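Spelled out from the first residue to the last, the chains are:
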Amino acid sequence: MNGRTVLERFPAGGPRGSWPAEEFAQARRLEGMPAEVVMDLATDMFLVVVRRGTAGDAAA
């Protein structure tokens with residue numbers, strides 16, 4: 001996926017006021033991993049990703 005590693009997937013239709021993908025990404029950032037949330041329109045999922053080659057990316 002364009003030089004990124006997917007850490008976790010979350011359905012886009014979560015409960016109102018709930019942002020589980022953002023919360024997961026924030027927890028990873030607090031651990032020093034540069035996580036970000038992107039939307040996969042094809043699957044209607046939010047993906048928490050890190051770019052390959054960044055600190056904390058075990059798959060690079």
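Below: a short report on this structure.

A closer look at the packing of aromatic side chains
Right, on to step 1. Scanning the entire structure with this criterion turns up 1 aromatic pair.
Right, on to step 2. One cation-aromatic arrangement involves R28 over F24; the distance from NZ or CZ to the ring centre is 4.3 Å.

Some details on the layout of surface pockets
Right, on to step 1. Here the largest pocket is characterised by a volume of approximately 160 Å³.
Right, on to step 2. Taken together, 13 residues make up the lining of the largest pocket; nearest its centre are A12, S18, W19, P20 and F46.
Right, on to step 3. Residue assignment for the lining of the largest pocket shows that the elements contributing at least two residues are β1 (4–11) and α1 (20–30).
Right, on to step 4. No other element matches α1, which puts 3 residues into the lining of the largest pocket.
Right, on to step 5. In the lining of the largest pocket, the residues fall into 9 nonpolar, 3 polar and 1 charged.

Re the sheet that holds β1
Right, on to step 1. If you trace the 3 strands from one edge of the open sheet to the other, you get β1-β3-β2, paired in antiparallel fashion. Across the chains shown, the open sheet's two edge strands, defined by having one partner strand only, are β1 and β2 (36–40). The average undirected angle you get between the axes of adjacent strands in this sheet is 35 degrees.
Right, on to step 2. Direction of pairing for β2 relative to strand β3 (residues 45–51): antiparallel, over a ladder of 5 bridges. The residue of β3 that forms the bridge with D40 is M45.
Right, on to step 3. Against the sheet, α1 makes contact with β1, β2 and β3, and its axis sits at roughly 145 degrees relative to β1, the strand it touches most.

Quick look at the pattern of salt bridges
Right, on to step 1. Counted under the stated rule, the structure contains 2 salt bridges.
Right, on to step 2. Residue R28 pairs with E31 through a salt bridge whose shortest N-O separation is 3.0 Å.
Right, on to step 3. Its relative accessible area of 16% is what places R28 among the buried residues.
Right, on to step 4. Judged by relative accessible area, E31 falls into the exposed class, the value being 55%.

What counts and how
- Within each chain, residue numbers correspond to sequence positions counted from 1 in written order.
- The model is predicted, so local features are restricted to residues of pLDDT at least 70 and side-chain atom pairs to those at 80 or more, both for listing and for counting; the totals for chains, interfaces and linings are taken over all residues.
- As a convention, hydrogens and water are excluded, and side-chain values are obtained from all of the structure's heavy atoms.
- Aromatic pairs are defined between Phe, Tyr and Trp rings, using the six-membered ring for Trp, whenever the two ring centres lie within 6.5 Å; interplanar angles under 30 degrees are classed as stacked, those over 60 as edge-to-face, and all others as tilted.
- By the criterion adopted, a ring carries a charge over it if an Arg CZ or a Lys NZ lies within 6 Å of its centre and within 35 degrees of its normal.
- Lining residues are those with an atom within 4 Å of a point, where the points come from a 1 Å grid over the protein atoms alone and group into cavities, where a 1.4 Å probe fits but cannot get out, or pockets, open sets with protein on both sides within 12 Å along at least five of seven lines.
- Grid points are joined across faces, edges and corners, and a volume is the space filled by probe spheres set on the points.
- Secondary structure elements are taken from DSSP: a helix is a run of H or I of four residues or more, a strand is a run of E of two residues or more, and numbering for both begins at the N terminus.
- Throughout, the ten residues Ala, Val, Leu, Ile, Met, Phe, Trp, Tyr, Cys and Pro are labelled nonpolar, Asp, Glu, Lys and Arg are labelled charged, and all others, Gly among them, are labelled polar.
- At least two DSSP bridges between two strands are required for those strands to pair.
- With axes taken as lines fitted to C-alpha atoms, and helix axes fitted only over the stretch in contact, angles between N-to-C directions fall between 0 and 180 degrees.
- Contacts are assigned to residue pairs that have any heavy atoms within 4.5 Å of one another.
- Any Lys or Arg side-chain nitrogen located within 4 Å of an Asp or Glu carboxyl oxygen qualifies as a salt bridge.
- Note on exposure labels: buried denotes an accessible area under 20% of the residue type's maximum, exposed denotes more than 50%, and partly exposed covers the range between, all computed with a 1.4 Å probe on protein chains only.

Any link to function would need more than the numbers given here.
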